[in-house]
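Examination of the molecular architecture
The lines below spell out each chain.
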Amino acid sequence: MQIDWLAIAPEIVVAVTILGVLAADLVLPRPLKYWTATLAVVGLTLAVVPLILMAASSVETRSLFEGSYVVDDFALVLKGLFLIAGYLVVLMSVSYIESDRYYQGEYYLLLLSSVLGSLVIASARDLIVLFIGVELTTGPLFMLAGWRKGDIRSNEASLKFFILGVLSTAILLWGMAMLYGVSGEVRFDQIRSALADPSPAAQPLVGLAILFVLVGFAFKVSAVPFHFWAPDTYEGAPTPVTAYLSVSSKAAGFVALFVTVYVALRDRVDIWGPGLWALAALSMTIGNLAALRQSNIVRLLAYSSIAQAGFMLVPFAAASVAGEQLAEGLAATVVYLVIYALMNLGAFAVVIQGARRTGTGDIDGWAGLGRIDPRLGVLAAVFFFSLAGIPPLAGWFAKFVMFRAAIAAGSAAATSLAVIAAINAVIALYYYARVAKVVWFDEAPAGAEPATEPPAASLALTLGIAAVATVVVGVFPAVFAVFGEATRVLLASG
Amino acid sequence: MFETGWGLSLIVFLPLVGGLVALAIPKDNEALLKRWSLLVALVTFLLSLWAVASFDFGAAHTFQFEADLPWIPAIGAGYHIGVDGISLPLLVLSTLVVLLAIVYSWEHWEEPRNPKAFLILILILATGMNGTFVALDLVLFFIFFEVVLLPMYFMIGIWGDKKVMRIPGFAREIETRLYAAIKFFLFTLFGSAFMLLGFLALYFASGDVLGERTFDIPTLIAAGLETAPGGLTATAAWLIFGAMFLGFAVKVPMWPLHTWLPDAHTAAPTVGSVLLAAILLKLGSYGFIRIALPILPEQAQVWAPAIAVLAVIGIIYGSLACLAQTDMKRLIAFSSVGHMGFVMLGIATLTDIGLNASIIGMVAHGLITGLLFFLAGSMSHRYHTREMARLGGNLKLMPVIGGILAFTAMASLGLPGLAGFWGEFMALLGAYNPLPGLDLGLFRTAMVLGAIGTVLTAGYMLYMLQKVNLGEPSEEWSGHTFHDADRYELAAWVPLIVLIVVIGFWPKLVFGATTDAVVSLVDTAWGGASETAAAIVTTLGG
């Protein structure tokens, strides 16, 4: 069998890095353990190189293992996203993890394993490969969520995440088994052709299978009403892990969901389309309303990320219920996903640094932070208003493509989803603006001195990258729409 | 320079670049910060005058100084800018008011000071405002329309009124600035979210008509989306107009979407109130004239009666609300609701005379109410109160400020010979004879009620003057010596006073630019302006 090594080079590089980190962790003395972080950063950077080579090459689609593993533009864009997000999370983690002084090596080992899983998901076109990817992504996170062993909340975070994660895996696997049962195939394209004309007796089973798959993934992306684990887990987990959960692992869940329904189940859009519509509408609304009441900044971001997941689903869900423009809808969702990743990672980096400055995660405890540390205050405003979708920050373009796709779909159901999204965009502004209000409008506690020490270099780098990206994408979204185009071309062929 | 298309871009982005440069100036070097911002605003203003000088008034109905570059090709949004006779006066008004705002702030910093941040916010605001008036692409318009939100939010929230108030309907107490800032932001975003949906629907409709989707405003106007084969159904067009209506009407603001305005204007720092009243409100009414009416002329006819009714309610309601105010600044804020009601009434007539009235009304309101907010700010700076019951005898205590206040109040109530007269008078005139096909009875009733509104306006303005300006100083102030208007205040106010008088006597200064553009707009949209209206405009506008 001919193997296109370039196509799986990113995965190989990350896998080798994992082994390297493991080995380094064994031999390095404790004071030098931070080298494992350096190794992880280098590995993730190197893994981008083959992606660029593939993007530049004239080969559009690389299909491996009889079509079970496909690297096309869609996969390239998402792999790029996963690697960059992983890179930023590692940078965010360095000073955070170092201060705990234990198990640094294992931390990066687990994080890299999760990144590897998400790389696999982007290319999986087969039930088994997809399932392995999903498990490799979430498995390490159960442990990472409980990283702060001495903290009972961290333990709770890990346990809740684990139990509901396993439950969702079981449901997902059940759905996949039924899909295999009715179609007799594991490869997506073959499932699709098998399902095109199922016997009438199998019809109920197809519906049930799709329902289970949908519910399984809805847990992974913490869409309402399957979101209950998210706020507690987010709050208890170490903040960089929360950032990873809310960006990479959520994105990976979305990608898995999209690949499955779009490639394997496209002809049964009549079944899953309304399901996505309901998930989108509920996630936006419930997530936003719950976020209004939060007093802890991480919980606020947890509910915000639930609401954002709803926004992300809007284009694809609108296209699905309308039954047309599916590729456009998916492209818009991917654009939203990428922009969301950048600005949300930035917001979490602000949370880490803000918690360090103020010593608290309570929103009200951040009063007057803008006077104490103006730069951090400006960055907080940038990321939170970008999440709210206020021009000229990147978030506006995400919202714009979302509305555009929803209106393009054209049916009444799609338009009503756009209206629900519009109302939710206004509700969301309230709690995002509240952060800016506390930071800038409220008085600093008496005796607060202007901050002098700069943030840790690695964290400052994260903040800088995310801020520049947020502003540049907001002003010149054209640099970005390229990704959307890539997705469209790609999926049109898939 | 303007012919190449670069001039307008410079007017739009120079303030932003100036603001970014100001970021690099140390916070302590206030003198340099002030001089730098003043220089930037002055150059921007002079550039806009240069634009006026290079403008071809013979072809005021066409877009001039255009630039049309690709911006976000993937979604068909272009960087298309240009001015015509409608936007030119508003652009100049915007650059002028920003300049005067910076002059005024020279010695007037509200707590917690921080001139650096304040000046940078003003400059960012300027880019948003200038950009909105020159944008000829719906996405570009939307971006500029929204860019003003963040600076204004921070301006109100940081420098605004720190008095504690009770939130209506809730038992919670909160500082006025915090309540007003978020209310302003939420209301505007609510409107503009729907406006964006409307824009997108126009975009897709243009694809059905033209074969190629576009956000380009002139192209959309020419496309005739309502009448062309494959165009919008009446229901779809009705919904789209409604969505845009929400966005613009919140900004104007029209009754009953106006409730953010009294709070925001009262709570904002003086310069913030001036910019809000003088420019930001106009973004909404300008949106109607630039986008909603010409792109969907048939729906404009369907919506016109509703707009007229809401406008008249705004006029009467705003005036009555003024009579109930005890706070001078809040009174001026409510007067804006009434004045913008006249602007909207003019728009609702869909005639050249009505649209002309609305544009000159916008300019006059910008000058007059801007000046009133300056005065209210300077007075509360000296008296440390805005309660009219405690003020009195201002004319004796501060003859210059008192005199200017009397003058401006007269202008505001629409005294003939001053700028405020034309907008009200011609809006009523337009309502007497609206576009053929519109309900004549309704518009004439609107005219009568609007005329009653002018009487009420006179009533509350005179009431304010009597309370604040006339009589003997109350015991609280007698014996106090107040320093009258200082040179920075006068430098900011005199240009406004001069313009109010000049436009009052010589409205051609505005009509000369607008008439051509408005007549052409009405002609294209509804075919044939009414003869009498054109004649009147010609007489007035020469």
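Residues numbered from 1 in each chain as written. Chains lettered and ligands numbered in written order. Predicted model: local features only at pLDDT ≥ 70, side-chain atom pairs only at ≥ 80, totals over all residues. Heavy atoms only, no water.

With that settled, consider the overall build of chain B. Of the regular secondary structure elements, chain B holds 21 helices and 4 strands. Against the compact-globule benchmark of 24 Å for 542 residues, chain B has a radius of gyration of 22 Å, which places it among compact chains. If you line up chain B on its principal axes, its C-alpha atoms span 75 × 55 × 50 Å. Taken over 542 residues, chain B has a buried fraction of 66%. About 17,500 Å² of surface is accessible on chain B, with carbon and sulfur atoms providing 67% of the total. Here chain B contributes 25 positively and 35 negatively charged side chains, and the mean placements of these two sets differ by 12 Å. (Helix = DSSP H or I, 4+ residues; strand = E, 2+ residues; numbered from the N terminus. Rg over C-alpha atoms; globule rule 2.2 N^0.38 Å. Buried < 20%, exposed > 50% of the residue type's maximum accessible area, 1.4 Å probe, protein only. Areas by Shrake-Rupley, 256 points an atom, 1.4 Å probe, with all protein chains shown as cover. Lys, Arg positive; Asp, Glu negative; His and termini not counted. Charge placed at Lys NZ, Arg CZ, Asp CG, Glu CD.)

Secondary structure summary: chain A contains 19 helices and 2 strands in total. For chain A, the spread of C-alpha atoms along the principal axes amounts to about 75 × 55 × 45 Å. Buried residues in chain A amount to 63% of all 494 residues. Taking all contacts inside chain A whose residues are at least 6 apart in sequence as the whole, residues at least 24 apart take part in 79%. About 16,800 Å² of surface is accessible on chain A, with carbon and sulfur atoms providing 68% of the total. Each charge class in chain A can be summarised by its mean position, and for the 27 positive and 31 negative side chains these summaries are 5 Å apart. (Contact = heavy atoms within 4.5 Å.)

All names here are of chain B. The contact between helix H10 (residues 260-267) and helix H11 (residues 270-295) brings their axes to 7 Å, and the two run at 140°. Judged by the inter-axis angle, H10 sits oblique to H11. Taken together, the residues of H11 that come into contact with H10 (itself represented by Trp260, Leu261, Ala264 and His265) are Ser273, Leu276, Ala277 and Leu281. Here the contact of H10 with H11 is built from residues that sort into 6 nonpolar, 2 polar and no charged. (Axes fitted to C-alpha atoms, helices over the stretch in contact; angles between N-to-C directions. Parallel < 35°, antiparallel > 145°, perpendicular 65-115°, else oblique. Nonpolar A, V, L, I, M, F, W, Y, C, P; charged D, E, K, R; others polar.)

Residues and elements named next belong to chain B. The topology assignment puts alanine 419 in the loop between helix H16 (399-412) and helix H17 (420-432). Looking at alanine 419, the relative accessible area reads 0%, which means it is buried. In this structure the C-alpha to C-alpha distance between alanine 419 and isoleucine 503, which are 84 residues apart in sequence, comes to 5.1 Å. Here alanine 419 is in contact with Ala364, Ile368, Ile500, Ile503 and Gly504, once residues within four sequence places are set aside.

With that settled, the discussion passes to the pattern of salt bridges. Applying the stated criterion to the full structure yields 26 salt bridges over all chains. Its salt-bridge partner being arginine 166 of chain B, residue glutamate 173 of chain B comes within 3.8 Å of it at the nearest N-O pair. For glutamate 173 of chain B, a relative accessible area of 51% puts it in the exposed group. The partner of arginine 177 of chain B in a salt bridge is glutamate 175 of chain B, with the nearest N and O atoms 2.6 Å apart. With a relative accessible area of 3%, arginine 177 of chain B lands in the buried category. If you follow the salt bridges from partner to partner, you end up with Arg153, Glu156, Lys160, Asp232, Glu235 and Arg299 of chain A in one network. (Salt bridge = Lys/Arg side-chain N within 4 Å of Asp/Glu carboxyl O.)

On the secondary structure map, lysine 282 of chain B appears in helix H11. Those residues in contact with lysine 282 of chain B that lie beyond four places of it in its chain are Leu90, Phe133, Ala277, Met340, Met362, His365 and Gly366 of chain B.

So, about a nonpolar patch on the surface. Taken together, the side chains of Val400, Leu490, Val494, Val498, Val502, Phe505, Trp506 and Leu509 of chain B make up a nonpolar region of the molecular surface, amounting to roughly 710 Å² of accessible area. Along the chain, the position of valine 494 of chain B falls in helix H19 (residues 487-505). (Patch = residues over 30% accessible without salt bridge, like charges linked within 9 Å, V, L, I, M, F, W, Y side chains within 5 Å.)

Per-residue confidence for chain A gives a mean pLDDT of 86; residues scoring 70 or more make up 96%. This model gives residues 489-494 of chain A a pLDDT under 50, and the stretch forms 10 contacts once residues within four places in sequence are excluded. (pLDDT = per-residue confidence, 0-100.)

Where interface size is quoted, it is often the accessible area lost as the parts come together. Tallying the contact residues gives 34 residues for chain B and 35 residues for chain A. Summing the contributions of chain B and of chain A, the shared interface buries around 3,100 Å²; its carbon and sulfur component is 83%. Our count for the chain B to chain A interface comes out at 0 salt bridges. The interface formed by chain B and chain A holds 4 residue pairs in polar contact (both at pLDDT 80 or more) in total. Only strand S1 (64-72), helix H5 (138-147), helix H6 (149-159) and helix H7 (176-210) of chain B provide two or more residues apiece to the side of chain B that touches chain A. Sorting elements by how many residues they give to the side of chain B that touches chain A places H7 of chain B first, with 16 residues. Here the residues of the side of chain B that touches chain A sort into 30 nonpolar, 1 polar and 3 charged. (Buried area = accessible area lost by both parts, 1.4 Å probe. Polar contact = N/O pair within 3.5 Å; in protein donor to acceptor, adjacent residues only side chain to side chain.)

Glancing now at the pairing of strand S2 (residues 77-83) of chain B. Side chains on a regular strand alternate between the two faces of the sheet. Residues and elements named next belong to chain B. With 7 of its 7 residues buried, S2 lies for the most part within the structure. Side chains Ala77, Tyr79, Ile81 and Val83 of S2 all project onto a buried face; the interleaved residues Gly78, His80 and Gly82 project onto the opposite face, where all are buried too. Summarising the sheet, S1 and S2 pair through 6 bridges and their orientation is antiparallel. Paired with leucine 69 across the strands is tyrosine 79, a residue of S2. Hairpin remark: S1 followed by S2, antiparallel, with 4 residues in the connecting loop; positive phi at glycine 76, about 75°. (Pairing = 2+ DSSP bridges.)

Once that is clear, we can look at the nonpolar core. With 418 residues, the main nonpolar core has Phe385 of chain A together with Phe154 and Trp493 of chain B as its most contacted residues. With 21 residues, the top contributor of residues to this core is H7 of chain B. If sequence neighbours within four positions are ignored, phenylalanine 154 of chain B has contacts with Ala381, Phe385, Ala436, Trp440 and Phe441 of chain A together with Leu121 and Trp159 of chain B. (Core = buried A, V, L, I, M, F, W, Y, C linked by side-chain atoms within 4.5 Å.)

So, on to the side chain of threonine 176 of chain B. Residues and elements named next belong to chain B. With respect to the element layout, threonine 176 can be found in helix H7. A relative accessible area of 11% places threonine 176 in the buried class. At a separation of 2.6 Å, a polar atom in the side chain of threonine 176 contacts the main-chain carbonyl oxygen of lysine 163. Leaving out residues up to four positions away in the same chain, threonine 176 has contacts with Asp161, Lys163, Met165 and Ala267.

Further remarks concern H7 of chain B. Because each turn of an α-helix spans 3.6 residues, side chains separated by three or four positions end up pointing in the same direction. Residues and elements named next belong to chain B. Helix length check: H7, at 35 residues, gives a terminal C-alpha distance of 50 Å against a target of 51 Å (1.5 Å per residue), a fit within 8%. Buried residues dominate H7, accounting for 30 of its 35 residues. Of the residues one or two after H7, glycine 211 is the one with positive phi, at around 85°. (Expected span 1.5 Å × (residues − 1).)

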